[in-house]
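Understanding the architecture of this molecule
Spelled out from the first residue to the last, the chains are:
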Amino acid sequence: MIKQEIKRVLAKRLEQLNFELDRASIDVEEPSNDEFGDFASNVALELATEDDLSPRELARSIVEGIGNELFSRITVAGPGFINFHLKRDFLMKSLSQLLSSSDPLGEISANEKGSIQIEFVSSNPTGPLTVGHCRQAVLGDVLAALYRALGYEVETEYYFNDEGRQMDILARTLWVRYKQALGEEVEIPDDGYKGDYLVEIGEDVASERGDRYSSWNDETADFFKKVGLEEMIGRIKKDLDLLGVKFDSWFRESKLHEEDKVEEVLSALDEQDGTYKEGGALWLKAEEEGAPKDAVLVKSNGDPTYLLPDIAYHLDKLDRGYDRALVLLGADHQRHVENMKAALSKLEFPPDFYQVLINQFVSLSKEGEVKRMSTRAGEFVTLKSLVEDLGKDVVRYFMSARKPESHLEFDYELAKKESMDNPVYYLQYAHTRIASIFEKSGYVELEEDFPLEGVDLNELGKDEEIELIKKLDKFPEMIEIAAGDYGPHHLVSYGENLAAIFHQFYNKYKVLTDDEKISQARLALCKGVQLVLKELLNLLGVSAPRKM
RNA sequence: GCGCCUGUAGCUCAGUCGGAUAGAGCGACGGAUUCCUAAUCCGUAGGCCGGGGGUUCGAGUCCUCCCAGGCGCACCA
């Protein structure tokens, strides 16, 4: 990474000048205007204000002591910026490193990092996954891929409630569907799940078991709970499969009760003087920890709320030894997060253990109307239909494209109708073009293993070529930002930009020319672009086709 | 009423730590193909970065107030 190298140089020089400044706090960036060189730093401006010096003066003395083995020119400009103009060799070294290692992430992926557990989707098995879950599934899956690529130990987990009221309602609704399948006139209960996804399951049970569950009793309830759970989880897994999302682990809530984790949490909270009783309910002293209000842990009827087992669940996560537990939640869980933070703080969890990424909702506009989705009312667009209509690549790309905390407006009609104009194809096409060049040149074997011997990268020098090399060099930095930010959308922005520069280059210059030396150098550049594009598409879970 | 998120081109959105002249895609208009895939490229038009105040050498970015939208403020999950 060129930027890191410049920071190193600057840090060394500043040390000579007796400034105390660690490398991380040195700011080096790419100026928007080419006039200002390839990279620029504002260190002189920052240090000058602190010590009441002239920024330009200081910049000049910094520049004087920097050797010129890496730079063709270093200038002082404006109020005191230091502008670095790179030597060609410096850039080419970056490209040749990429090619010889075939690892677009380079050194940042090498050293060992900590462990992170990522929990997402975690929809209860009471209905099919919708577009909202779809966004979260993609975000979580891409984040997991990012952290894996960076060398973290990653585990993805899906948490679901397999008992309690929601499951009772599911069982009851399913039973009604079963009765209807047997030809009886039965109404779905008011609080039941009205969607027709349970009809089919009811019919299956009716045809397999006949009328043996005609009356509602404990045996019937248990049976339909079991069937409902199995069927729904099965469907959820299938849907996620369509999206290419696989979880490392599936965690059922009942396990917490079986292992007395819930009891454990209650007594731990009690030990910390974190609870009190009021109105027959058990409350968490959340306000003491910064939450707006106290929260109920156990209802007056003795049932735990959603909060209590979730605290127990996170105690379990902590016990499992992860450094961090990241949870993806929808915007409607904001209050829950405040309660969780309060509880975990009472329990003296390590402060950075519980990490939350709250994502805003997806609105789906269809025929000019914005549809709201409600699982309970049975009105929603399912993840399944979305993927079946648009394809995994398009869906994953769209769902990754916006930063999580922004609303995502998904124009279904447009995405379907104009799918050929879709930006995902723009990226894939860049990859395809490169593959096609290697086919054409009869250098298919070069694509596998590109030998740098005899290739003179200094043949590269056109603006587009230089820009591409710089862009490739920036890839690892972008990945670190995306992971640190929990923001897969950085991949999309970067990718579109890289593809754009490549397409420009491709249109302006021929890779395969009469000049063998130029051809070799440009093939090398193409290989570099291809390595990065492939890695990027891979991380997004989007295919990188060789032909389109 | 209080809290979280959002407000940038006609539309959908980027813009890591405050940096020099604010970007992309779509849409509109005008062009490019005897040549490695035109699912591409080039050009034009389009902006008080929601509004006011502040912090400083410098603000789309930080602080504050206001306005608009989404979500929340359950003994639901």
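Shown above is the structure to which this text applies.
Figured I'd write up the structure that's included with this text. (Residues numbered from 1 in each chain as written. Chains lettered and ligands numbered in written order. Predicted model: local features only at pLDDT ≥ 70, side-chain atom pairs only at ≥ 80, totals over all residues. Heavy atoms only, no water.)

Side note on the overall build of chain A
- For chain A, the helix and strand inventory stands at 20 helices and 15 strands.
- Expressed as lengths along the three principal axes of its C-alpha atoms, the size of chain A is roughly 85 × 60 × 40 Å.
- Going through the 548 residues of chain A one by one, you find that 51% of them count as buried.
- By sequence separation, contacts in chain A at least 24 residues apart represent 73% of the contacts at least 6 residues apart.
- Split by element, the accessible area of chain A, about 26,000 Å² in all, is 44% carbon and sulfur.
- Once the 66 positive and 104 negative side-chain charges of chain A are each reduced to a mean point, those two points are 4 Å apart. (Helix = DSSP H or I, 4+ residues; strand = E, 2+ residues; numbered from the N terminus. Buried < 20%, exposed > 50% of the residue type's maximum accessible area, 1.4 Å probe, protein only. Contact = heavy atoms within 4.5 Å. Areas by Shrake-Rupley, 256 points an atom, 1.4 Å probe, with all protein chains shown as cover. Lys, Arg positive; Asp, Glu negative; His and termini not counted. Charge placed at Lys NZ, Arg CZ, Asp CG, Glu CD.)

Points about the sheet that holds strand β5 (residues 115–119)
- Judged by pairing direction, the sheet is parallel, and its 5 strands sit side by side in the order β7-β6-β5-β11-β12 without closing on themselves. Two strands lie at the open edges of the sheet, namely β7 (249–252) and β12 (354–359), each paired on one side alone. When strand polarity is set aside, the average angle formed by the axes of neighbouring strands in this sheet is 25 degrees.
- Sheet analysis places strand β6 (residues 153–160) next to β7, joined by 4 bridges and oriented parallel. Along β7, the bridge assignment pairs Y159 with F251.
- Along the sheet, helix α11 (residues 307–319) contacts β5, β6, β7, β11 (324–330) and β12; its crossing angle with β5, the most-contacted strand, is approximately 155 degrees. (Pairing = 2+ DSSP bridges. Axes fitted to C-alpha atoms, helices over the stretch in contact; angles between N-to-C directions.)

Thoughts on the environment of E259
- For E259, the location among the structural elements is in the loop between α9 (254–258) and α10 (261–271).
- Given the relative accessible area of 39%, E259 is considered partly exposed.
- Along the chain, E259 and D316 lie 57 residues apart, while their C-alpha atoms are 9.9 Å from each other.

A closer look at the sheet that holds strand β2 (residues 39–41)
- Strand order in the open sheet made by the 4 strands is β1-β2-β4-β3, with antiparallel pairing throughout. At either end of the open sheet lies a strand with only one pairing partner, and these are β1 (28–29) and β3 (71–77).
- Where β3 and strand β4 (residues 81–86) come together, 6 bridges link them in antiparallel fashion. In the strand pairing of β4, F71 is matched with L86.
- Against the sheet, helix α3 (residues 55–64) touches β3 and β4, its axis set at about 165 degrees to β3.

Some words on the environment of I233
- If you trace the backbone, I233 turns up in helix α8 (residues 218–243).
- Beyond its immediate stretch of four places on either side in the chain, I233 contacts P125, F160 and W250.

Digging into the protein's contact with RNA strand B
- In the vicinity of RNA strand B, 66 residues are found, and the nearest of them are N33, K299, Y426, Y429 and S436.
- The sugar-phosphate portion of RNA strand B accounts for 63% of its atoms within 4 Å of the protein, the bases making up the rest.
- Between D332 and RNA strand B, the recorded distance is 3.3 Å, taken from a backbone N or O atom to a sugar or linking oxygen.
- Within the side chain of Q360, one N or O atom sits 3.3 Å away from a sugar or linking oxygen of RNA strand B.
- At the level of secondary structure, the elements contributing two or more residues to the surface near RNA strand B comprise α2 (43–51), β4, α6 (165–181), β9 (281–284), α12 (334–346), α16 (423–440), α18 (463–485) and α19 (489–508).
- For the surface near RNA strand B, the class distribution of residues is 22 nonpolar, 24 polar and 20 charged. (Near = heavy atom within 4 Å. Polar contact = N/O pair within 3.5 Å; in protein donor to acceptor, adjacent residues only side chain to side chain. Nonpolar A, V, L, I, M, F, W, Y, C, P; charged D, E, K, R; others polar.)

Re the packing of helix α4 (residues 88–101) against α18
- The interhelical angle for the contact between α4 and α18, taken along N-to-C directions, is 55 degrees, at an axis separation of 10 Å. Considered as vectors, α4 and α18 are oriented oblique to each other. Between α4 and α18 the crossing geometry is left-handed. Of the residues in α18, those in contact with R88, L91, M92, S94, L95 and L98 of α4 are I466, I469, K470, L472 and D473.
- Classifying every residue of the contact of α4 with α18 gives 7 nonpolar, 1 polar and 3 charged. (Parallel < 35°, antiparallel > 145°, perpendicular 65-115°, else oblique. Left-handed = near helix turned anticlockwise from the far one by under 90°.)

What to know about α10
- Looking at α10, one finds that the buried residues are K261, V262, V265, L266 and L269. Projected down its long axis, α10 shows its buried positions confined to an angular sector of 140 degrees, all on one face. Exposed side of α10, more than 90 degrees from the buried face: E263, D270 and E271 are the residues found there.
- Those residues of α10 that are buried lie in contact with α9, β8 (275–278), β9, β10 (295–298), α11 and α12.
- Positioned one or two residues after α10, D273 has a phi angle of 55 degrees, which is positive. (Arc of directions from axis to C-beta.)

Structural notes on the pattern of salt bridges
- Enumeration over the complete set of coordinates arrives at 29 salt bridges.
- Between K474 and E30 there is a salt bridge, with its nearest N and O atoms 3.2 Å apart. Pair noted here: K474 is in helix α18 and E30 is in the loop between β1 and β2, with a separation of 444 residues, a long-range link.
- Owing to a relative accessible area of 28%, K474 belongs among the partly exposed residues under this scheme.
- Put simply, E155 and R320 hold a salt bridge, and the shortest N to O gap is 3.6 Å. One end of the pair, E155, is in strand β6; the other, R320, is in the loop between α11 and β11, with 165 residues separating them in the sequence.
- Residues joined by salt bridges that share partners form a network here, namely E155, E157, K261, D316, D319 and R320. (Salt bridge = Lys/Arg side-chain N within 4 Å of Asp/Glu carboxyl O.)

Remarks on a negative patch on the surface
- Together, D27, E29, E46, E50, D51 and D52 give the surface a local cluster of negative charge.
- Ranked by residue count, the leading element in the negative patch is α2, at 3 residues.
- Within the secondary structure, D27 is located in the loop between α1 (2–16) and β1.
- Residue class for D27 comes out partly exposed when judged on its relative accessible area of 32%. (Patch = residues over 30% accessible without salt bridge, like charges linked within 9 Å, V, L, I, M, F, W, Y side chains within 5 Å.)

By themselves, these are just geometric observations and shouldn't be taken as functional.
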